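Chain by chain, the residues run as shown.
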Amino acid sequence: MNTCPYCRCEVESKSGSCALCGNTLPGEGSTDFSIQDILTSAAAPTLAQTPLFPTARLLVLRGARVDIEYKLLPGPNVIGRAAIPDVDIDLADQELPDIAMASRRHAIVRTNPDTITVEDLSSLNGTLVNRTRLVPGQATEIHTGDVVQIGSVLLKLVSDSGV
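This text gives an overview of the structure that appears in the document. All figures in this text were calculated on a predicted structure; none of them were measured in a lab. (Residues numbered from 1 in each chain as written. Predicted model: local features only at pLDDT ≥ 70, side-chain atom pairs only at ≥ 80, totals over all residues. Heavy atoms only, no water.)

**Digging into the side chain of E119**
Here comes step 1: In this fold, E119 is placed in strand 8 (residues 116-120).
Here comes step 2: A residue is classified by how much of its surface remains accessible, and E119, at 14% relative accessible area, is buried.
Here comes step 3: A distance of 2.9 Å separates polar atoms of two side chains, one belonging to E119 and the other to R110.
Here comes step 4: Ignoring any residue separated from it by four or fewer positions in sequence, one finds E119 in contact with A107, I108, R110, G137, Q138 and A139. (Helix = DSSP H or I, 4+ residues; strand = E, 2+ residues; numbered from the N terminus. Buried < 20%, exposed > 50% of the residue type's maximum accessible area, 1.4 Å probe, protein only. Polar contact = N/O pair within 3.5 Å; in protein donor to acceptor, adjacent residues only side chain to side chain. Contact = heavy atoms within 4.5 Å.)

**Describing the pattern of salt bridges**
Here comes step 1: If you walk through the whole model with that rule in mind, you get four salt bridges.
Here comes step 2: Linking E69 and R57 is a salt bridge whose minimum nitrogen-to-oxygen distance equals 2.9 Å. Taken together, the residues E69 in strand 4 (residues 69-71) and R57 in strand 3 (residues 56-62) connect sequence positions twelve residues apart.
Here comes step 3: Measuring nitrogen to oxygen at the nearest pair gives 2.7 Å for the salt bridge that ties D86 to R105. In this pair, D86 sits in the loop between strand 5 (75-80) and strand 6 (89-90) while R105 sits in the loop between strand 6 and strand 7 (107-111), placing the two residues 19 residues apart along the sequence.
Here comes step 4: We classify D86 as partly exposed; its relative accessible area is 34%. (Salt bridge = Lys/Arg side-chain N within 4 Å of Asp/Glu carboxyl O.)

**Quick word on the sheet that holds strand 4**
Here comes step 1: Read from one edge to the other, the open sheet built from six strands follows the order 4-3-13-12-9-10, with strand pairing classed as antiparallel. Pairing within the sheet leaves two strands with one partner each, and these edge strands are strand 4 and strand 10 (132-133).
Here comes step 2: Bridge count between strand 12 (residues 147-150) and strand 13 (residues 153-159): four bridges; the pairing is antiparallel. Bridge pairing in strand 13 places I150 opposite V153. (Pairing = 2+ DSSP bridges.)

**Details of the environment of G145**
Here comes step 1: Following the sequence through the fold, G145 ends up in the loop between strand 11 (140-142) and strand 12.
Here comes step 2: Among the residues examined, G145 registers a relative accessible area of 33% and is labelled partly exposed.
Here comes step 3: Sequence separation between G145 and L59 is 86 residues, and the spatial gap between their C-alpha atoms is 9.9 Å.
Here comes step 4: When sequence neighbours within four positions are dropped, the list of residues in contact with G145 reads K156 and L157.

**A few points about the sheet that holds strand 6**
Here comes step 1: With mixed pairing, the five strands of this open sheet are ordered in space as 6-5-7-8-11. Of all strands in the sheet, those bounded by a partner on one side alone are strand 6 and strand 11.
Here comes step 2: Alignment of strand 5 against strand 6, held across two bridges, turns out to be parallel. Note on strand 6: the bridge partner recorded for I79 is I89.

Here's what the structure looks like:
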């Protein structure tokens with residue numbers, strides 16, 4: 001598996017284009033994408049090719065640092081409590097160290113051009129959206145104003161595009 005240099009989505013090694021954003025990948029079959037490849041490739045996205053991703057953020061309503069916003073990037077955003085390479089939003093500083101309820105890899109929020117979804121990654125304490133527990137492994141669409149609970153932290157989805 002590789003990562004699309006445009007939207008950070010995982011793509012199959014032999015795939016010529018990204019299934020999420022539709023851009024042609026530089027150096028077909030190549031596993032090493034560089035900035036130079038992206039800038040000089042005929043595959044560089046044009047305005048017509050580039051999907052308009054919503055500019056979404058998760059605003060902390062309850063946690064150690066209230067009113068902090070975590071920007072959601074296009075594609076997958078892993079939420080957890082460990083500063084490990086595959087966690088994009090680290091909630092370790094939002095919970096008390098001796099009462100950490102968020103799992104290391106707790107949930108994943110996927111920002112797509114038309115939708116935003118959240119999926120529980122079989123966490124110990126579960127993920128809730130608007131006080132409803134999610135089924136682990138099943139993506140659930142969320143909208144502006146929805147409240148996601150990860151451990152003891154409450155996060156509100158804020159979006160400029162109204163998704």
